[in-house]
Amino acid sequence: MSIHKESVKRVTTHVLSEMKLKGEKISMLTSYDYSMAAIVDRAGIDVILVGDSASNVMAGHETTLPITLDQMIYHGASVVRAVQRALVVVDLPFGTYQGNSKEALNSSIRIMKEASADAVKLEGGSEVLESVNRILSAGIPVMGHLGLTPQSIHKFGTYAVRAKEEEEAKKLLEDAKLLEEAGCFAIVLEKVPATLAKKVAESVSIPIIGIGAGNGVDGQVLVIHDMLGITQEFSPRFLRRYHNLFAEIKGAVETYIGDVKSKDFPNEREQY
Ligand code: KIV
């Protein structure tokens, strides 16, 4: 039994599956640090993803490939310390689960022990099924990720919409069913045609959380830096910006610089 955070009813994988049954949409956003996660959690988000997009938006890498397991654990633990209600899912980074199910299990155990996450997420379908099964056999909840899987960017060669052709769409649907049968509690579906995403959501009993996958799925996820307008260059069609924080923060910093230079800050009330 938990010795703290008892007053707030936590979101669990079971709660998410009930939400799908009731037709209640699931809200999910990324966070990578304590302060942002506290805001996102108090706003009432259902799921916080500690995504390997931290590699892009926190570390400035071009792809998600360079981030390490130690770094994901650091971000995950920071987020978990802030969260009272949301389910916290931590991404397994590239190279920690593909092709070696024992390593996949060890990586997942580290995330659960050292970050105290609620679940892990990994990319792929049939190719990673052995790893999925092994992680699940240890009682660790697994979220799948199909469609555009950024860890495979060098295979795809582009971040364009996936599964537009029948063959890839068929494999994606089969993969979703495989992940469901294996026991995954949900699947992220990234950048695929809305009609296909709706079909996938209707074909499996576990929640499908979309990003660039239209409105026929069971929930939505965005990268928080993108939806708050902290990132500037990334502007795919699916992204709705709820703020222009880049401009707001820049404006505040410019005002501060001006106040320091003009000796307006600190004033008499702001000193001892
Ligand atoms: O790493 C991430 O932020 C993700 C989301 C885009 C779903 O996987």
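Keep in mind it's a predicted model, so treat the numbers as computed, not measured.

**What about a nonpolar patch on the surface?**
Here's step 1: A surface patch of nonpolar side chains, about 530 Å² in accessible area, is lined by I249, V253, Y256, I257, V260 and F265.
Here's step 2: On the basis of relative accessible area, I249 is assigned to the partly exposed category, the value being 45%.

**Considerations on the packing of helix α4 (residues 69-82) against helix α5 (residues 101-115)**
Here's step 1: Interaxial distance between α4 and α5 falls to 9 Å at its minimum, and their mutual angle equals 35°. α5 is crossed by α4, and the crossing has right-handed handedness. From α4, L69, D70, I73, G76, A77 and V80 reach across to α5, where they touch S107, R110, I111, E114 and A115.
Here's step 2: Of the residues belonging to the contact of α4 with α5, the class tally is six nonpolar, two polar and three charged.

**Thoughts on the site of the ligand**
Here's step 1: Near the ligand the following residues occur: T30, L49, G51, D52, S53, D91, K121, H145, V188, E190, I211 and V223.
Here's step 2: In the environment of the ligand, an oxygen atom lies 3.0 Å from a nitrogen or oxygen atom belonging to the side chain of D52.
Here's step 3: Contact between the ligand and D91: an oxygen atom at 3.2 Å from a side-chain N or O atom of the residue.
Here's step 4: Bound to the protein, the ligand loses 95% of the 260 Å² it would expose on its own.
Here's step 5: Placement of the ligand is best described as lying within the largest pocket.

**Concerning the domain arrangement of the chain**
Here's step 1: Its domain assignment divides the chain into domain 1 (13-241) and domain 2 (245-272).
Here's step 2: Here the C-alpha centroids of domain 1 and domain 2 sit 39 Å apart.

**Considerations on the side chain of T30**
Here's step 1: Here T30 lies in strand β1 (residues 26-30).
Here's step 2: Polar contacts involving the side chain of T30 include one to the main-chain amide nitrogen of I224, which spans 2.9 Å.
Here's step 3: For T30, the contacting residues outside a window of four places in its chain are I48, L49, S53, L222, V223 and I224.

What counts as what
Residues numbered from 1 in each chain as written. Predicted model: local features only at pLDDT ≥ 70, side-chain atom pairs only at ≥ 80, totals over all residues. Heavy atoms only, no water. Patch = residues over 30% accessible without salt bridge, like charges linked within 9 Å, V, L, I, M, F, W, Y side chains within 5 Å. Areas by Shrake-Rupley, 256 points an atom, 1.4 Å probe, with all protein chains shown as cover. Salt bridge = Lys/Arg side-chain N within 4 Å of Asp/Glu carboxyl O. Buried < 20%, exposed > 50% of the residue type's maximum accessible area, 1.4 Å probe, protein only. Axes fitted to C-alpha atoms, helices over the stretch in contact; angles between N-to-C directions. Helix = DSSP H or I, 4+ residues; strand = E, 2+ residues; numbered from the N terminus. Left-handed = near helix turned anticlockwise from the far one by under 90°. Contact = heavy atoms within 4.5 Å. Nonpolar A, V, L, I, M, F, W, Y, C, P; charged D, E, K, R; others polar. Near = heavy atom within 4 Å. Polar contact = N/O pair within 3.5 Å; in protein donor to acceptor, adjacent residues only side chain to side chain. 1 Å grid on protein atoms, 1.4 Å probe; cavity = no way out; pocket = protein on both sides within 12 Å on 5 of 7 lines; lining within 4 Å. Sits in = over half its atoms within 2 Å of the grid points. Domains from an automatic or database assignment.

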